[in-house]
Amino acid sequence: MLLGTQKINDKGHLMIGGCDVADLAAEYGTPLYVMDEEEIIAKCRAYRSALANYYGRAHAAYASKAFCTVGMCKLMNEEGMYLDVASAGELYTAKVAEFPSERIIFHGNNKSRFELEMAVAENVGFVVCDSFGEIEDLADIAAKAGKVQGVMLRVNPGVDPHTHSLIRTGQEDSKFGFNIHIGLAMKAVKAVLSHDSLNLLGLHCHVGSQLFEPTPFVQAAPIMTEFIKTVTAETGKVIEHLDMGGGLGVRYVESDNPLSVGEFVKLICDGVKAGVEATGIKMPTLLLEPGRSIVGEAGTTLYTVGAVKEVPVVEEPGRKYYLSVDGGLSDNPRPSLYDAVYTAEIANKMNEAADCVYTVSGKHCETDTLIPKTNLQKAERGDILAVLTTGAYNFAMASNYNRLPRPAVVFVSWGKSRIDVKRQTLEDLVLWDVK
Ligand SMILES: Cc1ncc(COP(=O)(O)O)c(C=O)c1O
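Everything numeric in this text was worked out from a predicted model, so none of it was measured.

### Observations regarding the packing of aromatic side chains
Inference 1: The full count for this structure, using the stated rule, is eight aromatic pairs.
Inference 2: Relative to Tyr358, the ring of Tyr321 lies with its centre 6.2 Å away and its plane at 65 degrees, an arrangement referred to as edge-to-face. With Tyr321 in strand β15 (residues 319-325) and Tyr358 in strand β17 (residues 356-361), the pair connects residues that are 37 residues apart, well separated along the chain.
Inference 3: Taken together, the aromatic side chains of Tyr33, Phe67, Phe395 and Phe411 make up a single cluster linked through ring pairs.
Inference 4: Directly above the ring of Phe132 sits Lys187, whose terminal nitrogen or CZ lies 5.2 Å from the centroid.
Inference 5: Its end group placed over the ring of Tyr54, Lys266 keeps NZ or CZ at 5.9 Å from the ring centre.

### Points about the packing of helix α5 (residues 113-121) against helix α6 (residues 132-144)
Inference 1: Interhelical geometry of α5 versus α6 gives an angle of 45 degrees and a closest axis separation of 10 Å. In terms of axis orientation, α5 runs oblique to α6. Of the two elements, α5 crosses α6, and the hand of that crossing is right-handed. Mapping the contact onto sequence places Arg113, Leu116, Glu117 and Val120 in α5 and Glu134, Asp137, Leu138, Asp140, Ile141, Ala142 and Lys144 in α6.
Inference 2: In the contact of α5 with α6, the residues fall into five nonpolar, no polar and six charged.

### Notes on the site of the ligand
Inference 1: The environment of the ligand is made up of 15 residues, and the closest members are Ser209, Glu289, Gly291, Arg292 and Tyr393.
Inference 2: Residue Asp84 places a side-chain N or O atom 3.3 Å away from a nitrogen atom belonging to the ligand.
Inference 3: One of the side-chain N or O atoms of Tyr393 is found 2.6 Å from an oxygen atom in the ligand.
Inference 4: The protein chains hide 91% of the 390 Å² of surface that the ligand would expose on its own.
Inference 5: A per-class count over the shell around the ligand returns three nonpolar, seven polar and five charged.

### Re the sheet that holds strand β1 (residues 7-8)
Inference 1: The three strands lie next to each other as β1-β2-β3, forming an open sheet whose pairing is antiparallel. Edge positions in the sheet fall to β1 and β3 (19-20), since each of these pairs with one other strand and no more.
Inference 2: Alignment of β1 against strand β2 (residues 14-16), held across two bridges, turns out to be antiparallel. Bridge assignment links Ile8 to a residue of β2, and that residue is Leu14.

### Details of the pairing of strand β9 (residues 149-156)
Inference 1: In terms of burial, β9 is a largely internal element, eight of the eight residues being buried.
Inference 2: Taking every second residue as pointing to the same face, both faces of β9 are buried, with Gln149, Val151, Leu153 and Val155 on one and Gly150, Met152, Arg154 and Asn156 on the other.
Inference 3: Direction of pairing for strand β8 (residues 126-129) relative to β9: parallel, over a ladder of three bridges. Bridging from a neighbouring strand, Val128 pairs with Met152 of β9.
Inference 4: Chirality of the crossover, the property in question, places the unit of β8, α6 and β9 among those that are right-handed.
Inference 5: Across six bridges, β9 lies against strand β11 (residues 198-204) in parallel orientation. Bridged to Met152 within β11 is Gly202.

### Things to note about the domain arrangement of the protein chain
Inference 1: Domain boundaries assigned for the protein chain yield domain 1 (7-30 + 298-429) and domain 2 (37-295).
Inference 2: Of note, the centres of domain 1 and domain 2, computed from C-alpha atoms alone, are 33 Å apart.
Inference 3: Listed as interface residues are 23 residues of domain 1 and, on the opposing side, 24 residues of domain 2.
Inference 4: When the two sides are added together, the surface that domain 1 and domain 2 hide from each other amounts to roughly 2,000 Å², 59% of it contributed by carbon and sulfur.
Inference 5: Between domain 1 and domain 2 we count one salt bridge in total.
Inference 6: Notably, a salt bridge pairs Glu37 with Arg418, separated by 2.9 Å at the nearest N-O pair.
Inference 7: Along the contact surface separating domain 1 from domain 2 lie 10 residue pairs in polar contact (both at pLDDT 80 or more).
Inference 8: Contributions of two or more residues to the side of domain 1 that touches domain 2 are made by α11 (334-338), β20 (408-413) and β21 (416-421).

### What to know about the pairing of β8
Inference 1: Side-chain alternation along β8 places Phe126 and Val128 on one buried face and Val127 and Cys129 on a second face that is also buried.
Inference 2: Between the parallel elements strand β7 (residues 104-106) and β8, the chain passes through α5 in a crossover that is right-handed.

### Structural notes on the nonpolar core
Inference 1: Formed by 88 residues in total, the largest nonpolar core has its most connected members in Ile40, Tyr62, Met72, Met76, Leu153, Met244 and Val295.
Inference 2: When residues of this core are assigned to domains, at least three map to each of domain 1 (7-30 + 298-429) and domain 2 (37-295).
Inference 3: Among all residues touching Ile40, those that are not within four sequence positions of it are Met35, Met72, Leu75, Met76, Ile294, Val295, Ala298 and Phe411.
Inference 4: Counting residues in hydrophobic clusters, the runner-up holds 21 residues, among them Met1, Leu3, Cys19 and Leu388.

Definitions and limits used
- Residues numbered from 1 in each chain as written.
- Predicted model: local features only at pLDDT ≥ 70, side-chain atom pairs only at ≥ 80, totals over all residues.
- Heavy atoms only, no water.
- Phe/Tyr/Trp six-rings, centres within 6.5 Å; stacked < 30°, edge-to-face > 60°.
- Helix = DSSP H or I, 4+ residues; strand = E, 2+ residues; numbered from the N terminus.
- Lys NZ or Arg CZ within 6 Å of the ring centre and 35° of its normal.
- Axes fitted to C-alpha atoms, helices over the stretch in contact; angles between N-to-C directions.
- Parallel < 35°, antiparallel > 145°, perpendicular 65-115°, else oblique.
- Left-handed = near helix turned anticlockwise from the far one by under 90°.
- Contact = heavy atoms within 4.5 Å.
- Nonpolar A, V, L, I, M, F, W, Y, C, P; charged D, E, K, R; others polar.
- Near = heavy atom within 4 Å.
- Polar contact = N/O pair within 3.5 Å; in protein donor to acceptor, adjacent residues only side chain to side chain.
- Areas by Shrake-Rupley, 256 points an atom, 1.4 Å probe, with all protein chains shown as cover.
- Pairing = 2+ DSSP bridges.
- Buried < 20%, exposed > 50% of the residue type's maximum accessible area, 1.4 Å probe, protein only.
- Right-handed = clockwise from strand over helix to strand, strands pointing away.
- Domains from an automatic or database assignment.
- Buried area = accessible area lost by both parts, 1.4 Å probe.
- Salt bridge = Lys/Arg side-chain N within 4 Å of Asp/Glu carboxyl O.
- Core = buried A, V, L, I, M, F, W, Y, C linked by side-chain atoms within 4.5 Å.

Rendered as structure tokens:
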């Protein structure tokens, strides 16, 4: 499986963004997150042009939770994206990157007062309120600052996306959003409208992540447009923005078959336009918030192969091999967290037959399996293992478990590489420990 700009060169090495990964590993060390910048740019442009073609007045907001660095926020600004942030930390990263605050959407089901104060102080364009207490706090903060804060409401459409339970958010039983069906969403609309310091700009929903099935998006659109109609009928308020969230899946293994960005955007635009027509509401400005589908396939993690160990197989005759790499759970917790599956290659032996079966493991003090069973080229100590599709929710979820320094992040494009995040040092690990 080759993704984005990946190619194989005449040495049989994997190339990303025109760079030989063996050279990247030698220059920057491993583990290393390699981000294919051309692929990220292509995905942003695919979203923006599909929204322009199929809808018109619409914006794509990059969900920075997937991968948030100063360099990434700068790139998103250059690409004309809006930005979804979900914490003071992500907002601060955007601020350091000088991301225009009017294009920032601040999410979170439990924002602190500090985070709300920061959003108001930074003139964030949209705060997506997700609880009654938050609406009251935000109104108070904005009033004291003498400002009118733009607000969207996170609404729960009651759509079950049938994805992994930990990334499912749009079903009735969820910590996210004001439920429409039991009347909380309307109550929240009225709460926002009761404050002069808040300006209700729109409604938002996000049904879930890593979705291959179009049905949840198709189901959510008419529920949202119908609710907009009810809001205007009951309160007189015209809703100007409709944010349908993110969720498009990416290819982790060959058999994954996500919709293309164009197909996904068309589906949502068609659904919203049909809902607008059926209800007679004013056509809202449409927002989408892709995260994983912007950066997921752009990321590859390079590791150095260490121990290759033969073990007896109890259930069936024969032997199996553990291949351990110099990272694992700390740079990619998703296999342990979500049973996520990945594709790997011995990146310096791409032209050799992948006829050996391995369990790929990390180096942590537990069974931190990265890939339970995969066919690879024969691996030796010192080889480079590339794990594909690690651009989303890997660096973002990384930890220092076992006091492993976090890997560096490198952007590659058009044959050049540049460091985006430096590798942590051993000194960094004890920086905040009181000595
Ligand atoms: C509110 C919101 N918007 C957008 C996203 C991005 O989703 P994805 O990475 O699946 O596109 C998420 C993910 O959790 C989210 O919670």
